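# Remarks on the overall topology
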Amino acid sequence: MPGPKLDDLALLKLVFAAGVIGAGGAGFPTHKKLAAGAKLLVVNAAECEPLLASDRYIMREFPAEIVAGAQSVAQALGIPRVVIGTKKKYSREIAALRAAIAEAGAAIEIFGVESFYPAGDEQTLIYEITGQSVPPGGIPLQIGIIVINATTALNIQRGIQGVPVTRRFVTVTGAVAEPVIVDAPVGTTVEDLIKAAGGTPLPRYAIVRGGPMMGKQFQMEAAATMGYGKADGGLIVLPADHRLIQFCSKPIDQIIAQTRSICIQCAMCTEMCPRYLIGHQMRPNRVMRSVGTNTHPTELLDALLCCECGICELYACPMGLSPRRMNVYVKGMLRAEGAKITDQTIHLEQSESRPYRRIAQSRLIERLGLGDYPTQLDNCRSFEPQKVIIGLRQGVGKPSSPRVAVGDSVHVGDVIAGVDFSEAGALIHASIDGLVSEVTADQIKIERK
Ligand code: SF4
Ligand code: SF4
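Keep in mind that what you see is a predicted model, and the values were worked out from it rather than measured.

This part is about the domain arrangement of the protein. Under the domain assignment, the protein is made up of domain 1 (8-160), domain 2 (166-242 + 369-385), domain 3 (252-359) and domain 4 (387-449). In this structure, domain 1 and domain 2 have C-alpha centres spaced 25 Å apart. Facing the 21 residues of domain 1 at the interface are 25 residues of domain 2. When domain 1 packs against domain 2, close to 1800 Å² is buried across both sides, 60% of that on carbon and sulfur atoms.

Laid out in structure tokens, this is it:
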């Protein structure tokens, strides 16, 4: 339940003190995202990455805290309207949220979207709920909207009650003995998360950190040293030679060569692009053409609008090309040159075909070769590792600076790294009791005594 009404600065300080960052993937520091002046707060509960189920779990198990977190933000920032955006088909979750809203007497709406990918993309969800597009290259606040993830709302509420973010619900699935949601301390290694799911029968495996569409792929050698962070909601174990792993591991030189030789300019990548379909001039076929022909350099600017959802390369392209990887490559070059989007015109005519271009999640799962794995998980298991490896760059923004040294004794909740309140970064807390055994610029390792 929300406590006494907070003003905006008091709320931001509590959120900062709890080390809350966006839990939906990018990990933007939440105290920098929450700002007065918005007219709508959207709680993004439309988890759309195939196989991931952690947000659904918390909607069922902690609906009152999600509702209270959203209420507290709206009250403190004076936001008049709150909408929880989720999937229509999540009937159990919607029932739990409705009961919590009624219990709290809260004026919170629930908006159900169809089950398509990427319904949980922040800008796609805003379009679904309001019919408005965020300006190209802009942020939701430009149209008076703030979006927070459902887990972030939960973490905000716990932060208000003085409980920092030291644990994370992670969907551990794929080729593991018992796909399950694991409630684990921040910094639990991939190896331990796989153990928590009963291990894997595969002698050689690869891992996807995040969802299959937007996650990052690693070979099994990384499992012992990679600690999961506050923004990591999914871990998928796959055979090392799975086609998703092979496709996403192609070297950039090969991608460029393939772009030059076999892109047929069919524009399917553009026709299916969710950012194009909300009116942005994100036309991956033009980026591909420009790279392929070394002409039309202004076309490359489109790459700056790419949200890296993966539809163009994992679903749309009939030639098996990689427009997303190409966009990421081009974006890196453009950003190094300081290039920016200046034209924020929205082309609403592009959105007319949206309803016909939504990708059903079931079709996507088959296309990705993930049909053998469960799409719904009900079980959650707590796991207590002997050690944690806590990253100091858990999201976008300034990395956290260590505030402990090797040999220090720490307890759950102690601040071990951080930034100042004025900075776009986050505090990081110890997630287990133990001794600090390693401190680098990138991570802090804690082992139980
Ligand atoms: S869908 Fe593939 S072949 Fe068609 S334009 Fe895009 S990258 Fe080229
Ligand atoms: S990854 Fe492809 S489909 Fe997704 S936003 Fe970028 S260009 Fe569009």
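Here we take up helix α5 (residues 91-104). End to end, α5 covers 20 Å across 14 residues, agreeing with the expected 20 Å (1.5 Å per residue, within 8%). Buried within α5 we find Glu 93, Ile 94, Ala 96, Leu 97, Ala 100 and Ile 101. The buried side chains of α5 occupy one side of the element, clustering within an arc of 160° when seen end-on. Of the residues in α5, the exposed ones pointing more than 90 degrees away from the buried face are Ser 91, Ala 102 and Glu 103.

For the rest of this paragraph, the subject is the sheet that holds strand β14 (residues 401-402). Reading across from one edge, β14-β16-β17 is the order of the three strands in this open sheet, with antiparallel pairing throughout. Each edge of the sheet is formed by a strand with only one pairing partner; in this case those strands are β14 and β17 (428-429).

Below, the discussion takes up the packing of helix α4 (residues 63-77) against helix α7 (residues 150-160). Relative orientation and spacing of two packed helices are given, respectively, by the angle between their axes and the distance between those axes. The geometry of α4 relative to α7 is characterised by a closest axis approach of 7 Å and an angle of 75° between their N-to-C directions. With respect to their mutual orientation, α4 and α7 come out roughly perpendicular. For the pair α4 and α7, the contacting residues are Glu 65, Ile 66, Ala 68, Gly 69, Ser 72 and Val 73 in the first and Ala 150, Ala 153, Leu 154, Ile 156, Gln 157, Arg 158 and Ile 160 in the second. A per-class count over the contact of α4 with α7 returns eight nonpolar, three polar and two charged.

The next subject is the site of ligand 2. Near ligand 2 the following residues occur: Cys 273, Pro 274, Pro 284, Cys 306, Cys 307, Glu 308, Cys 309, Gly 310, Ile 311, Cys 312, Arg 324 and Asn 327. For the shell around ligand 2, the elements supplying multiple residues, two or more each, are α13 (311-316) and α14 (323-336). For the shell around ligand 2, the class distribution of residues is eight nonpolar, two polar and two charged.

With that out of the way, let us pick up unusual backbone geometry. A negative phi angle is the norm for most residues apart from glycine, just as the trans form is the norm for most peptide bonds. Residues Tyr 117 and Pro 118 are joined by a peptide bond in cis, for which omega reads 5°. You can see Pro 118 is positioned in the loop between β4 (116-117) and α6 (122-130). If you check the backbone angles, Leu 51 has positive phi at about 80° while not being a glycine. Examined against the element boundaries, Leu 51 turns out to sit in the loop between β1 (40-45) and α3 (54-61). Even without being glycine, Gln 265 reaches a positive phi, approximately 55°. By secondary structure assignment, the location of Gln 265 is in the loop between α10 (252-262) and α11 (268-272).

Thresholds, definitions, all that
Per chain, the residues get numbers from 1 upward, laid out in the order the sequence is written. By the order in which they are written, chains take letters starting at A while ligands take numbers starting at 1. Owing to the predicted nature of the model, reporting of local features is limited to residues with pLDDT of at least 70; listing and counting of side-chain atom pairs is limited to 80 or more, with chain, interface and lining totals taken over all residues. Water and hydrogen atoms play no part in the side-chain values, which are based on all heavy atoms of the structure. An automatic or database domain assignment supplies the residue ranges for each domain. Here, residues are in contact when the closest pair of their heavy atoms is within 4.5 Å. Buried area adds together the accessible area that both of two parts lose upon being put together, with accessible area traced by a 1.4 Å probe. Here a strand is any run of E in DSSP of at least two residues, a helix any run of H or I of at least four, and the numbering for each starts at the N terminus. To estimate the expected span of a helix, subtract one from its residue number and multiply by 1.5 Å. Summary of the burial criterion: residues with accessible area below 20% of their type's maximum are buried, those above 50% are exposed, and those between are partly exposed, where the area comes from a 1.4 Å probe applied to protein chains only. The arc in question is formed by the directions pointing from the helix axis toward the C-beta atoms. The pairing criterion for strands is at least two bridges between them, as found by DSSP. As a rule, the C-alpha atoms of each element are fitted with a line to give its axis, helices using only the stretch in contact, and angles between N-to-C directions run from 0 to 180 degrees. Each angle gets one of four labels, with under 35 degrees taken as roughly parallel, over 145 as roughly antiparallel, 65 to 115 as roughly perpendicular, and the rest as oblique. The residue classification treats Ala, Val, Leu, Ile, Met, Phe, Trp, Tyr, Cys and Pro as nonpolar and Asp, Glu, Lys and Arg as charged. All others, Gly included, are polar. One heavy atom within 4 Å of a molecule or strand is enough for the residue carrying it to be called near that molecule or strand.

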